[in-house]
Amino acid sequence: MSTPPDSGILTRRSFLQWSQSMLAMLGVAPLVSSSAEAFAAPASSDASAATDYYAKLGVKKMINAAGTYTMFTAAVMPPQVQRAVAEAAKHPVHLKELQTRAGEYVAQKLRCEGAVVTCGASSALTLATAACIASANNATAEDIPQKVGSMKNEVVVQKAHRYGYDHAIFLCGAKIVEVETLEDYKRAFNEKTIMTNFFNSAGAGEIGHEQWLQVAHEHNVPCHIDAAADMPPISNLWKYTGMGFDLVCFSGGKGIRGPQNAGLLLGKKHLTDLAHASNNPNEGVGRGMKVAKEQIVGMVAAIDWLIEQSDETMAKEFTRRADVISQIVKDIPTMKTSIFTPEVANHVPHLILTYDPAVVGLTPNEVQQRLRSLDPTIELNPSTGSPHAGNGMPACPNSLVVGTWMLLPGEPEIVGRQIRAVLKQGEA
Ligand SMILES: *Cc1c(COP(=O)(O)O)cnc(C)c1O
């Protein structure tokens, strides 16, 4: 950069950049140090001047045709949420005051008594367990998990609802008591029971929501439901607390499209207050589950964004994207396109592209691999080529599965063209 920017108007910032690079070229130390720049009031052009750290680190960007998968960094925050996060980054606040006000605001918007912005759904489950231990034992956050072995510490769960997130419960030192039949369930309650956990999208288990709640509440035991990925519909954000679940967790970074390291614990105020007590910065089991001010604000902003949306408009848009892709690939030999909407989790239209691999010359997993090797990389839904039904999706041995809901503007066209180009390679 040897001439000043040619816009005619030389802003303070662009002059500084220009003059410093000139001085650097001449081997002279800059007159205005970069720390002086750091203390200056942020220029309004800051966002557009941001460094692309993915490029700097050599990390490939992704076109997310999969869905809100944790390993693919889940969702991209809508622009108004991104702006709220950037704004929050500019000022310190009292963390507890922000946590309290954010909880109150979310609870009011989502029609429940209390709320905690957590470090994700998994961390919400840990804080829920800690709250139920504290409540049942009249214990404090400092007792968890060291003293839990000799306390009331049993969590009742259906065998079909056991999952990897059980670790979030074990972290508090609690135990899981497994049940299958309603009779098992009734017998499982004793003086050591502190809570129950219900895995909402399990799609299995003999005991339904209503019966589950009724029996637990007869024993005065609070029920937590894991609905992490179960939005849309938007009304699910108040459905389960409305049904009588004492605590409900949601992932902040999935369909809600908040920060990926945020989530929600919603429910009865006396329990969410106890969850707050175990949360960072208090030195309890949640101390390592810090949600920074930027992410707390991002979570709240995502709720504000979401409740202005409509399920119908979103489903229509995701279907339109599927149609764009279908149109581009429909003349591939043997190709059949269809739409599938999973029942509970990821309840949005997915595009299923079914073809005969023997005719096309590439299996769905080979296509998936070739799309992955592109730059930007394209990730299809993990049920692509899967011989087994799972996660609410059917078996797709001869299909590519495209989750269209996380695609950004212009990407459906790119995904369609790239799938078509790869499928054409098989003919060679
Ligand atoms: C994604 C998920 C979680 C974890 O959510 P995080 O926000 O990543 O902690 C927990 N339970 C279920 C059922 C999920 O799908």
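Residues numbered from 1 in each chain as written. Predicted model: local features only at pLDDT ≥ 70, side-chain atom pairs only at ≥ 80, totals over all residues. Heavy atoms only, no water.

Q: Please set out helix H10 (residues 236-243) residue by residue, giving values where relevant.
A: Looking only at H10, the buried set comprises Asn 236, Leu 237, Trp 238, Tyr 240 and Thr 241. For H10, the elements touching its buried residues are helix H5 (95-109), helix H9 (209-218), strand S6 (223-226), strand S7 (247-251), strand S8 (263-267) and helix H12 (293-306). In the segment just after H10, Gly 244 is the residue with positive phi, at about 120°. (Buried < 20%, exposed > 50% of the residue type's maximum accessible area, 1.4 Å probe, protein only. Helix = DSSP H or I, 4+ residues; strand = E, 2+ residues; numbered from the N terminus. Contact = heavy atoms within 4.5 Å.)

Q: Give me the lowdown on unusual backbone geometry, citing residues and values where you can.
A: Looking along the chain, the bond that leaves Ile 144 and enters Pro 145 is cis, with omega of 5°. At the junction of Asn 280 and Pro 281, the peptide bond is cis and its omega measures out at 5° in the coordinates. Structurally, the position occupied by Pro 281 is in the loop between helix H11 (269-278) and H12. Not every positive phi belongs to a glycine, and Thr 334 is a case in point at roughly 70°.

Q: Please provide a residue-by-residue account of the site of the ligand, values included.
A: Close to the ligand lie Gly 120, Ala 121, Ser 122, Tyr 165, Phe 199, Asp 226, Ala 228, Ala 229, Ser 251 and Lys 254. Between the ligand and Asp 226, the relevant distance is 2.7 Å, taken from a nitrogen atom to a side-chain nitrogen or oxygen of the residue. For the ligand, whose free accessible area comes to 380 Å², the fraction covered by protein is 86%. By residue class, the composition of the shell around the ligand is 5 nonpolar, 3 polar and 2 charged. (Near = heavy atom within 4 Å. Polar contact = N/O pair within 3.5 Å; in protein donor to acceptor, adjacent residues only side chain to side chain. Areas by Shrake-Rupley, 256 points an atom, 1.4 Å probe, with all protein chains shown as cover. Nonpolar A, V, L, I, M, F, W, Y, C, P; charged D, E, K, R; others polar.)

Q: Please provide a residue-by-residue account of H11, values included.
A: Given 3.6 residues per helical turn, the α-helix brings residues three or four places apart onto the same face. Listed as buried for H11 are Leu 271, Thr 272, Ala 275, His 276 and Ser 278. Axial view of H11: buried residues confined to an arc of 165°, hence all on one face. Those residues of H11 hidden inside the fold are in contact with H5, strand S2 (114-118), helix H6 (121-137), S7 and S8. (Arc of directions from axis to C-beta.)

Q: Please set out the sheet that holds strand S3 (residues 154-158) residue by residue, giving values where relevant.
A: In spatial order, the strands read S2-S8-S7-S6-S5-S3-S4; together these 7 strands make up an open sheet with mixed pairing. Unpaired on one side and paired on the other, S2 and strand S4 (175-179) mark the two borders of the sheet. On average, each strand axis in the sheet is tilted by 25° relative to the strand beside it, whichever way the strands run. Relative to S6, strand S5 (residues 193-199) runs parallel, the two being bridged by 4 bridges. Bridge pairing in S6 places Phe 199 opposite Asp 226. Relative to the sheet, H6 contacts S2, S5, S6, S7 and S8, its axis offset from that of S5 by approximately 155°. (Pairing = 2+ DSSP bridges. Axes fitted to C-alpha atoms, helices over the stretch in contact; angles between N-to-C directions.)

Q: Can you explain the nonpolar core? Please cite residues and give values.
A: Counting 51 residues, the largest nonpolar core has Ile 256 and Leu 264 as the members making the most contacts within it. With 8 residues, H12 is the single largest residue contributor to this core. Residue contributions to this core reach at least three from each of two domains, namely domain 1 (92-307) and domain 2 (311-427). If near-sequence neighbours (up to four positions away) are discounted, Ile 256 is found in contact with Met 231, Leu 237, Phe 250, Ser 251, Leu 264, Met 299, Ala 302, Ile 303, Trp 305 and Leu 306. Membership of the second largest hydrophobic core comes to 31 residues, among which are Ile 169, Ala 228, Leu 265 and Val 285. (Core = buried A, V, L, I, M, F, W, Y, C linked by side-chain atoms within 4.5 Å. Domains from an automatic or database assignment.)

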